[in-house]
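Breakdown of the fold
Read off the chains here:
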Amino acid sequence: MHSQTAARRTFIKKRSSPLTFGFTAIADFTSFIGQEYLAGIMKAADDYGVNFINMTSAIRPSLFVDTSFFGQYLAKIPFMRSPLLDGLITWASSLTPYMKKEEIQSLFADMSPLPLVDIGYIDIPGVPSIRIDNDYSIHLLVEHLAKTHGFSRIAFFGSKFSLPHQLRLNSYKKAMNDFGLPVDESMIFLADSLDEQDVSAQAKLLLESFSKSENPYGLANSSLPQAILTSSDIIAHHLIEEFEKNGIRVPDDIAVTGFNNQLAGLTSSSPITTIDLAYFKRGYEAVELLIDMIMNKDTRITIHTVSTTLVIRQSCSCFEDAIIDAQTDKPAYFTPPHLVKSIVNKKEISSYLEKSLESAFPLLSENERFTLLQAASKDIYDSEANYASSILTWFRRQISKRHYDSPLNRGGINSSLTKDISALRRILLPLVSDKPELSRKIENIFHALRSLHAVHDRYEMISEQVDSYKTTNLMSLALALSSTENIRQLENAIRIKIGSLSVPGIILCLAGEMTDELSETSIEMIFPENQAGLSSLLPLKVREPSLFPKKFFPKNSPFSVTLTVLYHSGKYLGYAYIFMNTGNLALYDDLQELLAQNIYRIYQKEQKTGSRTLLLTDREKLTQNVPISPEESPLVHGGKLNAQAIVDYLLDHIDEMCDLDKMASHFGMSKSYLTRRTKELTGYSTQTLHERLKIEQAKNLIKSGKMKMNDIASRLGFSNPNYFSNVFKKVTGLRPTEFLERL
């Protein structure tokens, strides 16, 4: 055992209480990245006997979910403290779509002295990070394209989306120089984002350069790129789709590589050669680094670099190792059938193949059968040891074409390919049955074909497995919960049904009524009871989320739980710790939705609607100190937009960040028009008006004396207390604490 690994385990074993680590991010957990990070963290926690609390918020693909995932994230911040946690793994860069860089840095820097390790690309003062080396990774790709394939004209297709994509462009230029290859600025294409339409827009510019060439698809003899290195598998996937729409084949006409080994690379019609960024390993090593920091408080690591690997697939014209291995010279495991008749020369063989292929493959076009005939003839007559057989290459093209033509019929495609491979084998083997060496060569080609088919089957299987946001079968629990009349009945329904979902257990903490902030709750339910006598302590009040008593977690073995905040229709109801035995976060998200909806229904029925401090019943009074332009502007867009309509909308969304896209969609107009009209109608920008309304409400909440400053900031949609304080001072001239002192 590695000495440092042994030292960590000894340290943990000697502790009087186990370590508990959290993981925080806002991520798309339908992607490889989030799932691999989570899997690595959970595996390391299990290996070292560390307790784990998943505090992430998932971006939900459904438009019909009530919960705001950013609101969920803000509600979890109070949990990210000691004594609940001994350390926290952050994915700070996952917050960049929702918060400014400075706000993110401030949020996590303020958590000191809690030990933190980051796995993103944002520098947080005093927090070590685990990253990959872009220079080394891009070097691997350029080396493969230049040395293995002999390409010298390699284009770059990236994005202005984020810092990592910009760094990969710099790494591309450096690697090209390292191999003595020219960097042509006209071969660099940058999309505005990773969205398909933005990638397509840049792809069209590339295609225009193709169309201007006298020899557009004979790339070897033109000045056009022979290969395109992209900064993301998503970009590579969209690019291949755009090429196929325009009749350009990957890899036959041009090679394409990706970067980051995502699902898009597996499901592309031509599986994408890429770089594995070791997400699992980075998650695993984040846990180890946290343990090291707690073991030795003098640990000083700024950036820890994790090595990456090149993943060979078919988009560069290679085949996967499993396929190449299958084509090596092995004893045939089928006995070739005897010739039915004697076929003695090439002309007879060609005629036999032509008629047999026409009979066996009636759905293929004449050109497809002709190219298959050529491929079969080449493999029969060519005695050279080719890198890959012509038949193998023909089937690779067929797989890509069929997946592109029928993306929703994967099962049918796999079935037809199996039949086609078997049919071709029955046609070819009689031709070579009296030639042992050739017979063995042809059999090995079919062995490789089966491996090619198996590889694509595996890609399909992985794509289905990792798509964890497919509908989970919770109908039985949903029906049981919907029939409950009170909280006790709801708890009993959970006890009866939760086992069928393979969920090991749950701890339920409720506020007792609908609330506007998540603070004091009561532990109402522990299932199953992990220690005798705990149930007799219930209900037990918990004053703050971070003060949740750890004795209610399992004591004799490490645990993994996901924290889910119960929030519905703008009201907090409590939270739950759901025990995990899978990384399928969809299951826990669905449980959260079912619990929140039914607890809200019960509280509403029992009239436990709680405080109305944030329901803004006196809107007119709230806006008195936010004067709008005195000139009354006419209604526009069928009477939808005037100053009052704008204010009403912003008050309805006072607990959210200002989202111009969402607001513009609500009013049925463009964002630019909304911005201009808001300024004309109110005298303020939309952002400024929203902030002023928030600060007026904040003043009311401070005066009430019922909420802490951090809770007020969170409840009004501010990303962190510092940002709230800065906006408060900008509007009032005072910090919130100064305002309180003057009351």
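Only a predicted model underlies this, so the values are computations on that prediction, with no experimental measurement involved. (Residues numbered from 1 in each chain as written. Predicted model: local features only at pLDDT ≥ 70, side-chain atom pairs only at ≥ 80, totals over all residues. Heavy atoms only, no water.)

Quick look at the sheet that holds strand S9 (residues 188–191)
Spatially, 4 strands are ordered S9-S8-S10-S11 in an open sheet, and the strand pairing comes out parallel. Unpaired on one side and paired on the other, S9 and strand S11 (255–257) mark the two borders of the sheet. Strand-to-strand twist across the sheet, computed as the mean angle between neighbouring axes with direction ignored, equals 20°. As defined by bridge partners, strand S10 (residues 227–230) adjoins S11 across 3 bridges and the pair is classed as parallel. Residue pairing across strands places Leu 229 opposite Thr 257, the latter belonging to S11. Sitting on the sheet, helix H6 (residues 163–178) is in contact with strand S8 (154–159) and S9, with an inclination near 165° to S8. (Pairing = 2+ DSSP bridges. Helix = DSSP H or I, 4+ residues; strand = E, 2+ residues; numbered from the N terminus. Axes fitted to C-alpha atoms, helices over the stretch in contact; angles between N-to-C directions. Contact = heavy atoms within 4.5 Å.)

Section: the nonpolar core
Counting 90 residues, the largest nonpolar core has Phe 23, Ile 154 and Ile 599 as the members making the most contacts within it. Take this core: its biggest share by element is 11 residues, from helix H19 (residues 585–605). Ignoring any residue separated from it by four or fewer positions in sequence, one finds Ile 599 in contact with Ile 487, Leu 490, Leu 510, Leu 566 and Leu 573. Core analysis: the second largest hydrophobic core is formed by 46 residues, Leu 74, Met 80, Phe 108 and Tyr 577 among them. (Core = buried A, V, L, I, M, F, W, Y, C linked by side-chain atoms within 4.5 Å. Buried < 20%, exposed > 50% of the residue type's maximum accessible area, 1.4 Å probe, protein only.)

What about the environment of Gly 512?
Mapped onto the fold, Gly 512 is located in strand S15 (residues 506–515). By relative accessible area, which is 37% here, Gly 512 ends up partly exposed. Distance from Gly 512 to Ile 487, taken between C-alpha atoms, is 9.6 Å for residues 25 residues apart in sequence.

A few points about empty space enclosed by the protein
Applying the stated criterion across every chain, the model contains 4 cavities of 30 Å³ or more. Each pocket or cavity is described by its volume, and for the second largest cavity that value is around 90 Å³. In terms of lining, the second largest cavity is formed by Leu 74, Ala 75, Pro 78, Asp 516, Glu 517, Leu 518, Tyr 572, Asp 711, Ser 714 and Arg 715. Within the residue set of the lining of the second largest cavity, elements represented by two or more residues are helix H3 (69–76) and helix H25 (709–715). Take the lining of the second largest cavity: its biggest share by element is 3 residues, from H25. Partitioned by chemical class, the residues of the lining of the second largest cavity number 5 nonpolar, 1 polar and 4 charged. (1 Å grid on protein atoms, 1.4 Å probe; cavity = no way out; pocket = protein on both sides within 12 Å on 5 of 7 lines; lining within 4 Å. Points joined across faces, edges and corners; volume = space filled by probe spheres on them. Nonpolar A, V, L, I, M, F, W, Y, C, P; charged D, E, K, R; others polar.)

Overview of the state of the cysteines
Inspection of every chain in the model, using the stated rule, returns 0 disulfides. There is no disulfide at Cys 318, and the cysteine sulfur nearest it, in Cys 316, is 3.6 Å away. According to the relative accessible area criterion, Cys 318 is buried, its value standing at 2%. (Disulfide = S-S within 2.5 Å.)

Brief notes about helix H26 (residues 721–732)
Compared with an ideal rise of 1.5 Å per residue, which puts 12 residues at 16 Å, H26 spans 16 Å between its outermost C-alpha atoms and is within 8% of the ideal. Residues Phe 724, Ser 725, Val 727 and Phe 728 constitute the buried set of H26. For H26, the arc enclosing every buried residue in end-on projection is 165°, short of the 170-degree limit, so these residues lie on one face. If you follow the buried residues of H26, they end up packed against helix H24 (686–704), H25 and helix H27 (736–741). Count one or two residues on from H26 and you reach Gly 733, which has phi positive near 85°. (Expected span 1.5 Å × (residues − 1). Arc of directions from axis to C-beta.)

Description of the layout of surface pockets
Rolled over the atoms, a probe sized like a water molecule indicates the empty space that remains. Considering only enclosed or pocket space, the second largest pocket measures out at about 1200 Å³ in volume. Around the second largest pocket, the lining is made up of 37 residues, and of these Ile 33, Trp 91, Tyr 121, Phe 161 and Ser 162 lie nearest the centre. Secondary structure elements with two or more residues in the lining of the second largest pocket: strand S2 (26–27), helix H2 (32–48), strand S7 (129–132), H6 and helix H10 (279–295). Ranked by the residues each element gives to the lining of the second largest pocket, the list is headed by H6, at 5 residues. Looking at the lining of the second largest pocket residue by residue, the classes come out as 19 nonpolar, 13 polar and 5 charged.

Looking at helix H12 (residues 346–360)
In an α-helix, one full turn covers 3.6 residues, which means residues spaced three or four apart are oriented alike. Taking 1.5 Å of rise per residue, the 15 residues of H12 would be expected to cover 21 Å, and the 20 Å separating its terminal C-alpha atoms lies within 8% of that figure. Those residues of H12 not exposed but buried are Ile 349, Leu 353, Ser 356 and Leu 357. Taken around the axis of H12, the buried residues stretch over an arc of 100°, which confines them to a single face. In this structure, H12 carries Lys 347, Lys 355 and Ser 359 as exposed residues pointing more than 90 degrees from its buried face.

What to know about the confidence of the model for the chain
Taken over all residues, the pLDDT of the chain has a mean of 81, while the share at 70 or more is 83%. Low confidence marks residues 630–639, where pLDDT is under 50. Its contacts with residues over four positions away, or in another chain, come to 13 contacts. (pLDDT = per-residue confidence, 0-100.)

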